Amino acid sequence: MTAPEQSVVHGTPAPPDAPTTAAPHALPALDRLLRLPAVAALEAEHGRSLLTHEARALLAELRQQALAGRLPAAEIAPDALACALARRLHDRLAPRLNTVINLTGTVIHTNLGRALLPEAALAHVQATMAGPNNLEYDLASGGRGDRDSIVEGLLCQLTGAEAATVVNNNAAAVLLILAALARGRQVIVSRGELVEIGGAFRMPDVMTSAGARLVEVGTTNRTHPHDYERAITARTALLMKVHTSNYAVQGFTRAVDEATLAPIAHAHGLPLVTDLGSGALIDMTAYGLPAEPTPQQMLRAGCDLVSFSGDKLLGGPQAGLIVGRRALVERVRKHPMKRALRMSKLPLAALEATLRLYLRPERLARELPTLRLLTRPLADIEATARAVQPALAAALAPRFTVETVALQGQIGSGSLPVERLPSAGLAIAPVARTGRGRALDELATTLRRLPVPVIGRIADDELILDCRCLEDSTLLTRQLRQLSPQTTTVPPATK
Ligand SMILES: *Cc1c(COP(=O)(O)O)cnc(C)c1O
């Protein structure tokens, strides 16, 4: 995908010696402004409605400035007004959601949109969303279908589950499972697994929202099989395991794994449910990455339902996937809340295409961007850092120095929180001894204001740009000449 070039910014800087300010009555009336030839051209492009709206807003703003005696006369010249209006229209029409360059070192970054969609997913969305499709239509019978059926077969084949259903995200999946299986009853969870995922997703609160009662067992660091056994009563609905995805309990610890817990649950006629969080569908260690439990392992260990996210390690769109026993999946699917939490057709198309990539795992490291970035050879990342360094150093001299450095990145999004990915990138340091913090903040701001914003991280008086996710370095280098003169003090480097 190519980055948009910065569009031409219209504007007439006020001459430095313009002493005169405009009075409010000197401003044109709305219809006179709209009749200016340059403005009529804008109407041809944008139509009357938006133009009138923005023209009115511009005049109101200028009137305020004039009333305050702060409106330079030059700004009410016809050309200046037309330019100001063109700029407003451009800003109003510019998207608020934009691609950025993720140099944070965190591959699956929740604030930066998590997993990058594979080409196949984008193509499938493009191919199916502009026209009617068989979202809930059974082409064999000509009758009503279920949107789950689009991905259920794939999910069953990939995980070994009997049945599968999908909802908006994994938080919704957990909420729905609890509402469907445990409303008004008790759910037993280890105190070591009462996770907060960030935002408002805290396991105890989700339980309450679903109408289930949380029964905590064990302690923060140690939970034993008999802790679960003793807590089981006639009011118990299920036993639950939560993958501690964004923290690690280390030291004197003991957790009860699924293979141990499943027979305990089943001996009492109860299901074992696991919220796996990230949920890789493949063995990450085969790619040289840290081990992450898979839904297929959880099902083999005896879990009855497993839920996981679509946009974490799976590398697809936002989604909550629920796999497991048919009877339980049916109860979840038939719950009225399923209708409110269901997946929309756009991510469903992207999910189907992403899951299909897993049918040919040999091609996965190439075709799934998340996996491609996670497995990117260190030598490649280092080469990118070295390639960018001279241009960046030239653009930031003399205020900053830029060095290539070895870094430790992370997978992100609550996957494997303590594991680090050896990486490489650039460390930018201010030359001046004083005001370093402010200089770095300003530089970080400048980089975020580029047409394709560049997001790094500040650590130890340096701005760090991790190059793991910079597969095409021209995305960065061709923007360097736009670094503002306030930051660069020397003429910006040319291409
Ligand atoms: C990320 C996560 C969730 C929430 O998943 P979303 O898809 O972001 O809604 C729930 N539980 C665990 C353990 C997680 O790691």
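Cut-offs and rules
- Residues numbered from 1 in each chain as written.
- Predicted model: local features only at pLDDT ≥ 70, side-chain atom pairs only at ≥ 80, totals over all residues.
- Heavy atoms only, no water.
- Near = heavy atom within 4 Å.
- Polar contact = N/O pair within 3.5 Å; in protein donor to acceptor, adjacent residues only side chain to side chain.
- Nonpolar A, V, L, I, M, F, W, Y, C, P; charged D, E, K, R; others polar.
- Pairing = 2+ DSSP bridges.
- Helix = DSSP H or I, 4+ residues; strand = E, 2+ residues; numbered from the N terminus.
- Axes fitted to C-alpha atoms, helices over the stretch in contact; angles between N-to-C directions.
- Contact = heavy atoms within 4.5 Å.
- Core = buried A, V, L, I, M, F, W, Y, C linked by side-chain atoms within 4.5 Å.
- Buried < 20%, exposed > 50% of the residue type's maximum accessible area, 1.4 Å probe, protein only.
- Domains from an automatic or database assignment.

J.: Sorry, what's going on with the site of the ligand here?
T.: The environment of the ligand is formed by Arg114, Asn169, Asn170, Ala171, Ile197, Phe201, His243, Ser245, Asp275, Gly277, Ser309 and Lys312. At a separation of 2.9 Å, an oxygen atom of the ligand approaches a polar side-chain atom of Arg114. Looking at side-chain class alone, the shell around the ligand contains three nonpolar, six polar and three charged residues.

J.: Looking at this structure, how should I read the sheet that holds strand S6 (residues 213-217)?
T.: Where strands meet in a sheet, backbone hydrogen bonds hold them as pairs that are either parallel or antiparallel. Spatially, the seven strands line up as an open sheet ordered S4-S10-S9-S8-S7-S5-S6, and their pairing is mixed. Two strands bound the open sheet, and with one partner strand each, they are strand S4 (163-167) and S6. Pairs of neighbouring strands in the sheet enclose a mean axial angle of 25°, with direction left out of account. Where strand S9 (residues 305-309) lies against strand S10 (residues 320-324), five bridges are found, and the strand directions are antiparallel. Opposite Phe308, over in S10, you have Leu321 as the bridge partner. Each of S4, strand S5 (186-190), strand S7 (236-242), strand S8 (272-277), S9 and S10 touches helix H7 (residues 170-182); the most contacted strand, S9, lies at about 155° to it.

J.: Would you explain the nonpolar core in this entry?
T.: When a protein is soluble and globular, its nonpolar side chains tend to lie buried together. The biggest cluster of nonpolar side chains holds 55 residues, and the ones touching the most others in it are Leu155, Leu239, Phe308, Leu351 and Leu355. Residue assignment places this core across two domains, with domain 2 (101-107 + 375-488) and domain 3 (119-367) each supplying three or more. Ala172, Val174, Leu305 and Leu341 belong to the second largest nonpolar core, which has 34 residues in total.

J.: What am I meant to see in the pairing of S5 here?
T.: Looking down a regular strand, the side chains alternate between one sheet face and the other. Buried residues dominate S5, accounting for five of its five residues. The alternating pattern of S5 places Gln186, Ile188 and Ser190 and Val187 and Val189 on opposite faces, both of which are buried. Sheet topology note: the S5/S6 ladder contains five bridges and is parallel. When the bridges of S6 are listed, Ile188 appears paired with Val215. Here S5 pairs with S7 via three bridges, running parallel. Bridge pairing links Gln186 to Thr236 in S7.

J.: Just checking my understanding: could you explain the domain arrangement of the protein for this structure?
T.: Note: interface size is frequently given as the accessible area lost on complex formation between the parts. What the domain assignment reports for the protein is domain 1 (24-93), domain 2 (101-107 + 375-488) and domain 3 (119-367). Look at where the C-alpha atoms of domain 1 and domain 2 centre, and you get two points 40 Å apart.

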